[in-house]
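Understanding the architecture of this molecule
Residues per chain, in single letters:
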Amino acid sequence: MTRIFSLLFSALVLLSACAAPPPSQPQLGSDGKPLPKVYRIRDGDTARIQFRMLDSVNTLRQAEGTQPVKLNAQLNAAAATHSRDMSVQNRPWHFGSDGSSPIDRVRRVGYTGALVGEAISETYETELETLAAWMREPATREVIMAPDARDMGFAWLQEDNGKLWWTLVMGK
């Protein structure tokens, strides 16, 4: 009897090994590169993501001997408004659907300082991957590393399909 159970158990183990799914292969795009995975932001992640971006920006600034910046609620609001507007327009650019400029948007939210600059992105990537991409581009790197910047706003809009519209605003 024990021998029969042992044989059945061994057969069951062998069969279960055969039924295991193959390891997942990344899906490839038409260019042969892996397709991006959708980065989903959950409700309640706002503060965690904003502070992770702030810490990352300040680490980069510190490495170059530049003063740290702090999050500013008004600049966060300007960034959120623009991220939403870029999604509505379905294009990443610095002008709002009403013709507003970054300067107009920071004034509208009551920011009393001056605009240093704005970095924007349309992507499926995380905030840190987006920051890395911004740092590779001279124009956005200049905004992020601006020595006179003192305040930062950072926000996004994520569409149902996972696309993210990121906006970073620096002020002084």
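Note that the structure is a prediction, hence the values are computed from the model and not measured.

**A short note on the packing of aromatic side chains**
Taken as a whole and judged by the stated rule, the model has four aromatic pairs. Aromatic side chains Phe-154 and Trp-166 sit 5.4 Å apart centroid to centroid with 10° between the ring planes, which places their arrangement in the stacked category. On the criterion of sequence distance, the pair formed by Phe-154 in strand S3 (residues 151-158) and Trp-166 in strand S4 (residues 164-171) is long-range, its members being twelve residues apart. Here the aromatic rings of Trp-156 and Trp-166 are separated by 5.5 Å at their centres, their planes lie at 55°, and the arrangement is tilted.

**What about the sheet that holds S4?**
In spatial order, the strands read S1-S3-S4-S2; together these four strands make up an open sheet with mixed pairing. Only two strands of the sheet have a single partner each, and these edge strands are strand S1 (70-71) and strand S2 (115-123). On the sheet, helix H2 (residues 46-63) packs against S1, S3 and S4 and is oriented at approximately 135° with respect to S3. Here helix H3 (residues 73-89) sits on the sheet and contacts S1, S2, S3 and S4; the angle it forms with S3, its principal contact strand, is near 30°.

**Structural notes on the pattern of salt bridges**
For the structure on display, the rule yields eight salt bridges. Between Asp-45 and Arg-48 there is a salt bridge, with the nearest N and O atoms lying 3.1 Å from each other. With a relative accessible area of 40%, Arg-48 lands in the partly exposed category. One salt bridge connects Lys-163 with Glu-122, and the closest N-O pair in it is separated by 2.8 Å. With Lys-163 in the loop between S3 and S4 and Glu-122 in strand S2, this pair connects stretches of sequence that are 41 residues apart.

**Structural notes on the packing of H2 against helix H5 (residues 127-136)**
Orientation of H2 relative to H5, taken along the N-to-C sense of each, is 30°, at an axis distance of 10 Å. Taken together, the axis directions place H2 and H5 in an arrangement best described as roughly parallel. Between H2 and H5 lies a crossing of right-handed hand. Facing Ile-49, Arg-52, Met-53, Ser-56, Val-57 and Leu-60 of H2, the residues of H5 in contact are Glu-127, Leu-128, Leu-131, Trp-134 and Met-135.

**Details of H2**
Its 18 residues place the ends of H2 26 Å apart at the C-alpha level, agreeing with the 26 Å of an ideal helix rising 1.5 Å per residue. Those residues of H2 that fall on the buried side of the exposure criterion are Ile-49, Gln-50, Met-53, Leu-54, Ser-56, Val-57, Asn-58 and Arg-61. In this structure, the buried residues of H2 make contact with S1, H3, H5, helix H6 (138-144), S3 and S4.

**Considering the nonpolar core**
In this structure, Val-57, Trp-134, Met-152, Phe-154 and Leu-168 are the most contacted members of the largest nonpolar core, which totals 21 residues. Each residue touching Phe-154, except ones within four places of it in the same chain, is listed here: Ile-49, Gln-50, Met-53, Asn-76, Ala-79, Glu-127, Trp-134, Trp-166, Thr-167 and Leu-168. Ranked by size, the runner-up nonpolar core spans seven residues in total, among them Leu-75, Val-106, Ala-155 and Val-169.

Parameters at a glance
Residues numbered from 1 in each chain as written. Predicted model: local features only at pLDDT ≥ 70, side-chain atom pairs only at ≥ 80, totals over all residues. Heavy atoms only, no water. Phe/Tyr/Trp six-rings, centres within 6.5 Å; stacked < 30°, edge-to-face > 60°. Helix = DSSP H or I, 4+ residues; strand = E, 2+ residues; numbered from the N terminus. Pairing = 2+ DSSP bridges. Contact = heavy atoms within 4.5 Å. Axes fitted to C-alpha atoms, helices over the stretch in contact; angles between N-to-C directions. Salt bridge = Lys/Arg side-chain N within 4 Å of Asp/Glu carboxyl O. Buried < 20%, exposed > 50% of the residue type's maximum accessible area, 1.4 Å probe, protein only. Parallel < 35°, antiparallel > 145°, perpendicular 65-115°, else oblique. Left-handed = near helix turned anticlockwise from the far one by under 90°. Expected span 1.5 Å × (residues − 1). Core = buried A, V, L, I, M, F, W, Y, C linked by side-chain atoms within 4.5 Å.

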